[in-house]
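Okay, here's what each chain looks like letter by letter:
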Amino acid sequence: MGRYLLAACCLAAVLLGVLAAVYVSGFGRHEADSDISRSRKTVNGLFTVSIEPESSTVWQGDLHAWLVTVKTASGKPVEYAAIDVSGGMPEHNHGLPTSPQVTGYLGNGHYRIEGMKFTMRGWWQLRLSISAAAGSDTVVFNLAL
């Protein structure tokens, strides 16, 4: 009986390891969604947007700021745009745990977003809705933590 219990425990441990590897790898994610580039065009091509964390390290569970650069399709800085921030974890079907906001225009098309927080490892999305003189458009960034 003891050997069967030991075998069952070993099998359970192996299965848990496989499930953990699948979870961390983002199994089920579409290939198109795996683009984790930090610069891309908006959906309708009105703007080119780049993002980067203000600090070189993004810690899980900590509040941090991100810097956003918005340029027109022709490469000119977008001045004084209105930017709404949203996002979440699509695989877990929940949004961001905080309500990040643009807290400052830094000039030359650069903006600061504060209040970002990622509560767990995995695949996150950051959605920016941008309104400026050229029009309104959106962009979604995939982030793998």
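This text gives an overview of the structure that appears in the document. (Residues numbered from 1 in each chain as written. Predicted model: local features only at pLDDT ≥ 70, side-chain atom pairs only at ≥ 80, totals over all residues. Heavy atoms only, no water.)

1. Some words on the sheet that holds strand β2 (residues 47-53)
Think of a sheet as strands paired side by side through backbone hydrogen bonds, with each pair either parallel or antiparallel. Note the threshold: Here, a strand pair is defined by DSSP locating no fewer than two bridges between the strands. Going along the chain from the N terminus, every DSSP run of H or I of four or more residues is numbered as a helix, and every run of E of two or more is numbered as a strand. Interaxial angle, 0 to 180 degrees, is taken between N-to-C directions of lines fitted to C-alpha atoms, where a helix line uses only the stretch in contact.
With antiparallel pairing, the five strands of this open sheet are ordered in space as β1-β2-β3-β7-β6. The two strands at the open ends of the sheet, each matched to only one other strand, are β1 (39-41) and β6 (101-107). Taken over all neighbouring pairs, the strand axes of this sheet differ in orientation by 25° on average, direction set aside. For β2 and strand β3 (residues 64-72), the ladder comprises seven bridges, and the chain directions are antiparallel.

2. A few points about the packing of aromatic side chains
Convention followed: We call Phe, Tyr and Trp rings a pair once their centres come within 6.5 Å, taking the six-membered ring for Trp, and we label the pair stacked below 30 degrees between planes, edge-to-face above 60, and tilted otherwise. Only protein chains enter the accessibility calculation, which uses a 1.4 Å probe. A residue is then buried if its area is under 20% of the maximum for its type, exposed if over 50%, and partly exposed in between.
Under the criterion given, the structure shown has four aromatic pairs. Ring geometry for Tyr80 and Tyr105: centres 4.5 Å apart, planes at 50°, overall tilted. Note that Tyr80 is positioned in the loop between β3 and β4 (82-89) and Tyr105 in strand β6, a separation of 25 residues in sequence. Among the residues examined, Tyr80 registers a relative accessible area of 67% and is labelled exposed.

3. Quick look at the side chain of Gln125
Selection criterion: Here a polar contact is recorded for every N or O atom pair within 3.5 Å, except that within protein the pair must consist of a potential hydrogen donor and a potential acceptor, and residues adjacent in sequence are included only if both atoms are side-chain atoms. In what follows, residue pairs with any heavy atoms lying within 4.5 Å of each other are defined as contacts.
Mapping Gln125 onto the fold places it in strand β8 (residues 123-132). At 3.1 Å, the side chain of Gln125 forms a polar contact with the side chain of Asn142. Residues within four places of Gln125 in sequence aside, it is in contact with Ser86, Gly87, Gly88, Pro90, Val140, Phe141 and Asn142.

4. Structural notes on the nonpolar core
For clarity, the threshold we go by: Here, nonpolar core means buried Ala, Val, Leu, Ile, Met, Phe, Trp, Tyr and Cys residues that are tied together by side-chain atoms lying within 4.5 Å of each other.
Core analysis: the biggest nonpolar cluster contains 23 residues, and Val49, Val70 and Leu128 have the highest contact counts within it. Contributing elements (two or more residues each) for this core: β2, β3, β4, β7 (110-116), β8 and β9 (135-144). When residues of this core are assigned to their parent elements, the largest contribution, four residues, is made by β8. Once you skip the residues sitting within four places of it in the chain, Val70 turns out to touch Phe47, Thr48, Val49, Lys76, Pro77, Val78, Ile83, Gly109, Tyr111 and Ile130.

5. A word on the pairing of β8
On a regular strand, each side chain points to the face opposite its neighbour's, so the side chains alternate between the two faces of the sheet. The sheet contact formed by β4 and β8 spans seven bridges and is antiparallel. Paired with Gly87 across the strands is Leu126, a residue of β8. Sheet topology note: the β8/β9 ladder contains ten bridges and is antiparallel. Residue pairing for β9: Ala132 is matched across the bridge by Gly135. In textbook terms, the turn of a hairpin is the stretch between consecutive antiparallel strands, and for β8 and β9 this stretch comprises two residues.

6. Considerations on the environment of Ala132
As for its position among the elements, Ala132 is in strand β8. Distance from Ala132 to Ile83, taken between C-alpha atoms, is 8.8 Å for residues 49 residues apart in sequence. Beyond its immediate chain neighbours, meaning those up to four positions away, Ala132 contacts Phe47, Val78 and Ala81.

7. Let's talk about the pairing of β2
Burial of the side chains of β2 is restricted to one face: Phe47, Val49, Ile51 and Pro53 are buried, whereas none of Thr48, Ser50 and Glu52 on the reverse face is. Both β1 and β2 contribute to a ladder of three bridges, which runs antiparallel. Residue Ser39 lies in a different strand from β2, and its bridge partner there is Ser50. Counting the residues between successive antiparallel strands, the hairpin from β1 to β2 contains five residues, one of them, Gly45, with a positive phi of roughly 75°.

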